[in-house]
Amino acid sequence: MSRVNTVLGPIPTEELGIVAVHEHIGYGMPGSELDTRWWKSPEERYAETVPKLRRFREYGGGTFVDATGICNGRDVDYYKSLSAKTGVHIVACTGFVGGDTALPFFARASVDYLTRQFVHEITVGIGDTGSRAGVIKVGVSRGGRMTELDKRIYRAAARAAVTTGVPILTHLAIDPEPAVAIFAEEGLPLDRVLFGHADDGVNAPNTPDVWLAERGGRIGFDTFGYETELDDPPFWARPRRERLAHFLDFIGKGYLDKALVSADANCSPLGWPGVKRHTVNYLFEDLVPDLREAGVDEATITTLLVDNPADFLTITT
Ligand SMILES: [Zn+2]
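A. Spatial organisation of the overall build of the protein chain. The helix and strand inventory of the protein chain stands at 10 helices and 11 strands. Relative to its length of 317 residues, the protein chain is compact, with a C-alpha radius of gyration of 18 Å against a globular reference of 20 Å. In terms of overall dimensions, the protein chain has C-alpha extents of about 50 × 45 × 40 Å along its principal axes. Counting only residues that meet the buried cut, the protein chain has 59% of its 317 residues in that class. Long-range pairs, those at least 24 residues apart, make up 78% of the contacts in the protein chain with a sequence separation of at least 6. Of the accessible surface of the protein chain, which amounts to about 12700 Å², a share of 53% is contributed by carbon and sulfur atoms. Between the averaged position of the 33 positive side-chain charges in the protein chain and that of its 44 negative side-chain charges there is a distance of 4 Å.

Below is the structure:
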């Protein structure tokens, strides 16, 4: 049986339904939980998060992939409760958003240690939750070049992906040559990697999406909705029409099978105010209507939201 790990246990791939492939229940920088200004009670977090997931379900959403790495507020017992309450499958990740969000304990760890950590979280479980990770998160640290620590994490992630068959999801796809070299050295086919944030306003100009897709990589147009049109746009925002045009150009070149879409929204941000009026439901409320208006047919929309993420997330071993 082809299957995917969710926080409530493995499920058959066919049960994923519509997938938001790169989202966050709550994302914060390591240590934000230590600043008392930012404490949120569990009740506040539920109150912010449950309506968004319920709406996601009402729109026909099936699966929410939480791309929050170790040290960024990942909270699997909470995810289990949210999934049980809302009926949304939640996939949790192992790994790190980037080397620069790994706390010193992990930042000093060897490739072997990190590999064992990732494999344990995928095959045994995350802490004592009993939940197994369904994806591995890696990323490029701030500064635009892969650091030595980023490379150590990528190598450990590649080994864990080869061992377990769970795919890798990256934060940023800039400076991709070292990443592609590491994956090749470790024998990981690039279709097991989603190169993320190819579409955001800061990184899109420096992300060789076609170069990566030509080598088999999957490309994440996964910051949909972070638009300059928002009242208070973040620094990575991009004009709505420009992002859509970039995306349509990419799939128009024949790379539909390599494309994955998501909103990278936070249900309840941790330690920062978040971006107002941006939620995972952008996919249903804005992106799908925009695609239809641009003449994209229903079969293509299903490929993007159902088939491509199912193919990516399915455990290959
Ligand atoms: Zn993210």
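Next comes the rest of the account.
B. Structural view of the coordination of the zinc ion. Bound to the zinc ion on the protein side are His22 (NE2), His24 (NE2) and Asp264 (OD), at distances that span 2.1 Å. Written as a sequence motif, the donor arrangement for the zinc ion is H-x1-H-x239-D. Across this residue pair, the class does not change: His22 and His24 are buried.

C. Geometry of the sheet that holds strand 3 (residues 18-23). Pairing in this open sheet of 3 strands is parallel, and the strands run 3-4-5 from one edge to the other. The two strands at the open ends of the sheet, each matched to only one other strand, are strand 3 and strand 5 (89-91). Along the sheet, successive strands turn relative to each other by an average axial angle of 20 degrees, direction set aside. Judged from the 4 bridges that link them, strand 3 and strand 4 (residues 61-66) form a sheet pairing that is parallel. Among the inter-strand pairings, Ala20 is bridged to a residue of strand 4, identified as Phe64. Where helix 10 (residues 298-313) meets the sheet, it contacts strand 3 and strand 4, and its direction lies at approximately 60 degrees from that of strand 3.

D. Structural context of helix 9 (residues 282-293). Helix length check: helix 9 (12 residues) gives 15 Å between terminal C-alpha atoms against 16 Å at 1.5 Å per residue, within 8%. Within helix 9, the full set of buried residues consists of Tyr282, Leu283, Phe284, Leu287, Val288, Asp290 and Leu291. Its buried side turned inward, helix 9 meets strand 3, helix 1 (42-58), strand 4, helix 8 (240-255), strand 11 (259-261) and helix 10.

E. Focus on the sheet that holds strand 8 (residues 168-171). Reading across the sheet, the 6 strands line up as 6-7-8-9-10-11 and stay open at both edges, with parallel pairing between neighbours. Each edge of the sheet is formed by a strand with only one pairing partner; in this case those strands are strand 6 (93-95) and strand 11. When strand polarity is set aside, the average angle formed by the axes of neighbouring strands in this sheet is 30 degrees. Relative to strand 8, strand 7 (residues 135-139) runs parallel, the two being bridged by 4 bridges. By the bridge assignment for strand 8, Val138 is matched with Thr170.

About the criteria used
- Residues numbered from 1 in each chain as written.
- Predicted model: local features only at pLDDT ≥ 70, side-chain atom pairs only at ≥ 80, totals over all residues.
- Heavy atoms only, no water.
- Helix = DSSP H or I, 4+ residues; strand = E, 2+ residues; numbered from the N terminus.
- Rg over C-alpha atoms; globule rule 2.2 N^0.38 Å.
- Buried < 20%, exposed > 50% of the residue type's maximum accessible area, 1.4 Å probe, protein only.
- Contact = heavy atoms within 4.5 Å.
- Areas by Shrake-Rupley, 256 points an atom, 1.4 Å probe, with all protein chains shown as cover.
- Lys, Arg positive; Asp, Glu negative; His and termini not counted.
- Charge placed at Lys NZ, Arg CZ, Asp CG, Glu CD.
- Donors = N, O, S within 2.8 Å, 3.2 Å for Na, K, Ca; no water.
- Pairing = 2+ DSSP bridges.
- Axes fitted to C-alpha atoms, helices over the stretch in contact; angles between N-to-C directions.
- Expected span 1.5 Å × (residues − 1).

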